[in-house]
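# Close look at the chain arrangement
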Protein chains: 2
Amino acid sequence: MFSGAQISLYPMSDDFVGVIMSALGALDPYRDQLRIESDDISTLLVGPPEVLFPAMRDLFSASARTGKHCVLSATISRGCPGEPDDAICHSTQFDGPVAPLAERQAAALTAVQDAADMDVFSVAQLSLYVLGQGNHMDEIYGCIDFLKQSGTFEKSKHFVTKLNGDAGVLFATVEQAFCRFGPPQGHVTIDLTVSANSPSAR
Amino acid sequence: MFSGAQISLYPMSDDFVGVIMSALGALDPYRDQLRIESDDISTLLVGPPEVLFPAMRDLFSASARTGKHCVLSATISRGCPGEPDDAICHSTQFDGPVAPLAERQAAALTAVQDAADMDVFSVAQLSLYVLGQGNHMDEIYGCIDFLKQSGTFEKSKHFVTKLNGDAGVLFATVEQAFCRFGPPQGHVTIDLTVSANSPSAR
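These notes cover the structure that comes with them. Keep in mind that what you see is a predicted model, and the values were worked out from it rather than measured.

About the cut-offs
Residues numbered from 1 in each chain as written. Chains lettered and ligands numbered in written order. Predicted model: local features only at pLDDT ≥ 70, side-chain atom pairs only at ≥ 80, totals over all residues. Helix = DSSP H or I, 4+ residues; strand = E, 2+ residues; numbered from the N terminus. Buried ≥ 20, exposed ≤ 12 C-beta atoms within 10 Å, placed from the backbone. Contact = placed C-beta atoms within 7 Å. Least-squares fit on C-alpha atoms with pLDDT ≥ 70 in both. Axes fitted to C-alpha atoms, helices over the stretch in contact; angles between N-to-C directions. Parallel < 35°, antiparallel > 145°, perpendicular 65-115°, else oblique. Left-handed = near helix turned anticlockwise from the far one by under 90°. Nonpolar A, V, L, I, M, F, W, Y, C, P; charged D, E, K, R; others polar. Core = buried A, V, L, I, M, F, W, Y, C linked by C-beta atoms within 7 Å. Pairing = 2+ DSSP bridges. Expected span 1.5 Å × (residues − 1).

Residue and element names in this part refer to chain A. Following the sequence through the fold, Glu50 ends up in helix H2 (residues 49-64). Classification of Glu50 by C-beta neighbours within 10 Å gives partly exposed; the count is 13. Note: C-alpha distance between Glu50 and Ser91 (41 residues apart in sequence) is 8.1 Å.

The next point concerns the environment of Ala115 of chain A. All names here are of chain A. Checked against the element boundaries, Ala115 lands in the loop between helix H3 (101-112) and strand E5 (121-131). Exposure remark for Ala115: the 22 C-beta atoms within 10 Å place this residue in the buried category. Considered as a pair, Ala115 and Gly151 are 36 residues apart in the sequence and their alpha carbons are 12 Å apart. What Ala115 contacts, discounting residues up to four positions off in sequence, is Gly168, Val169 and Ala172.

Moving on: the relation of the copies chain B and chain A. Relative to chain A, chain B is turned by 180 degrees and slid 0.0 Å along the rotation axis, the superposed coordinates differing by an RMSD of 0.0 Å. Such a combination of turn and shift is consistent with a two-fold rotation axis. Most of the interface of chain B is mirrored in chain A, where 100% of its interface residues are also at the interface.

Attention now goes to the packing of H3 of chain A against helix H5 (residues 167-180) of chain A. All names here are of chain A. Interhelical geometry of H3 versus H5 gives an angle of 155 degrees and a closest axis separation of 9 Å. Looking at the two axes, H3 sits roughly antiparallel to H5. The hand of the H3/H5 crossing is right-handed. Of H5, the residues touching H3 (which contributes Arg104, Ala107, Ala108, Ala111 and Val112) are Val169, Ala172, Thr173, Gln176 and Arg180.

All names here are of chain A. A positive phi angle, near 65 degrees, is found at Asn197, a position not held by glycine. One can find Asn197 in the segment after strand E8 (187-196). By the C-beta count within 10 Å, which is 18 here, Asn197 ends up partly exposed.

Before going further, it helps to spend a moment on the interface of chain B and chain A. When the parts of a complex come together, some accessible area is lost, and that lost area is often taken as the interface size. Of the residues lining the interface, 49 residues belong to chain B; the matching set on chain A comes to 49 residues. Mapped onto the side of chain B that touches chain A, the elements with two or more residues apiece are strand E1 (3-11), helix H1 (16-23), strand E3 (43-46), strand E4 (70-78), strand E5 (121-131), helix H4 (136-149), strand E7 (160-166) and strand E8 (187-196) of chain B. Across the side of chain B that touches chain A, the residue classes tally to 19 nonpolar, 22 polar and 8 charged.

Within the largest apolar cluster, 124 residues are counted, with the highest numbers of intra-cluster contacts made by Met56, Val174 and Ala177 of chain A together with Met56, Val174 and Ala177 of chain B. Ignoring sequence-local partners within four residues, the contact set of Ala177 of chain B consists of Leu126, Leu128, Cys143, Phe146, Leu147 and Ile190 of chain B.

Within a regular strand, side chains alternate between the sheet's two faces. Residues and elements named next belong to chain A. Here strand E7 (residues 160-166) lies mainly inside the structure; 5 of its 7 residues are buried. Pairing between E5 and E7: 6 bridges, direction antiparallel. When the bridges of E7 are listed, Ala124 appears paired with Leu163. Relative to E7, strand E6 (residues 153-157) runs antiparallel, the two being bridged by 4 bridges. Paired with Ser156 across the strands is Thr161, a residue of E7. Here E6 folds back onto E7 in antiparallel fashion, the turn holding 2 residues, of which Phe159 has a positive phi close to 75 degrees.

Our next topic: the pairing of strand E2 (residues 35-38) of chain A. Residues and elements named next belong to chain A. Two strands pair when backbone bridges link them, and E2 and strand E3 (residues 43-46) are joined in this way by 4 bridges, in the antiparallel orientation. Bridge pairing in E3 links Arg35 to Val46. Counting the residues between successive antiparallel strands, the hairpin from E2 to E3 contains 4 residues.

The next subject is helix H3 (residues 101-112) of chain B. Taking 1.5 Å per residue as the helical rise, H3 of chain B with its 12 residues ought to reach 16 Å, and the 17 Å between its terminal C-alpha atoms agrees with that figure. Considering only its buried residues, H3 of chain B is in contact with H4 and helix H5 (167-180) of chain B.

In structure tokens:
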């Protein structure tokens with residue numbers, strides 16, 4: 001199964017190039033486990049979710065630690081029928097049949113308890129899309145139930161669910177939303193925004 | 001049918017607040033046709049596509065004309081089964097049964113020929129998601145065919161299609177992608193990024 005993301009990092013600073021360039025070092029531990037390609041609008045990361053989400057977390061956290069208002073925006077996808085399989089994406093977590101929803105929600109809640117502490121307070125919002133099947137809203141509502149119990153839920157908004165908390169638990173929570181909802185081999189995408197250091201009132 | 005977007009504007013500038021505040025005036029002509037709500041991560045625009053896309057175009061163009069590197073990111077949605085109908089979203093363009101794909105592609109190509117000229121060169125990338133049905137890839141491939149013929153196509157990337165051109169034709173093209181593909185009353189979303197004045201090589 002092919003999986004990855006198109007990501008962009010937006011530091012609201014005259015020195016946005018410097019902030020981005022210094023944050024990119026945070027990707028170094030992951031470079032041999034990801035395929036990375038950049039152009040003028042986004043950077044492609046191809047790899048399994050268990051590498052992809054920590055890599056995005058570390059990149060975003062490094063930029064947020066500058067104190068500048070920084071946003072990471074990501075189009076995350078797995079199982080798109082139009083994408084070729086790629087060995088670098090191999091993950092055992094999508095083997096086997098789909099488990100009952102309650103079981104997957106419980107496993108997701110357990111997984112986020114082990115999240116790393118990044119010491120970077122952030123807000124995030126996400127939309128989960130489960131494609132290619134008629135019951136997509138059941139999976140989406142199941143995911144939203146998980147998000148509400150995750151400890152990071154802030155509010156439901158039109159089209160998205162908003163979370164807040166440490167970047168560690170936020171990225172772990174989005175990873176669980178991405179991996180546990182929709183069929184294991186299904187086409188699932190997430191539209192994600194994570195923000196730190198905004199001067200606006202929450 | 002409910003339709004709208006969660007949008008965010010990212011000026012890569014120390015004066016990001018000033019750039020955003022001055023660009024917001026571009027929304028004034030649309031305020032009585034949209035419901036607008038902001039928090040610290042995005043602004044909700046609720047209204048029909050024929051208002052929503054020109055409003056996003058004008059907001060983005062106003063910020064890009066500052067010369068700063070600016071990005072607009074949007075989660076755009078119509079027909080979500082979880083959203084209530086709202087009179088402000090009323091549009092006649094989703095009445096009736098779905099027309100044959102070739103007919104919709106031709107109508108989309110005709111529509112983009114009338115796009116406004118904003119005199120703002122931009123790049124954009126988008127993902128179209130057609131939800132709640134098994135043949136979603138047929139509609140997505142049909143949309144990509146339209147994008148390839150639209151005059152703004154730059155390249156296919158993993159997960160997204162990249163366009164470039166004047167902001168006027170770019171937003172008109174994305175509006176056609178949003179309105180013409182997927183069933184008229186179906187659940188369709190677009191994950192959109194539009195960027196101007198990036199110092200990176202294309």
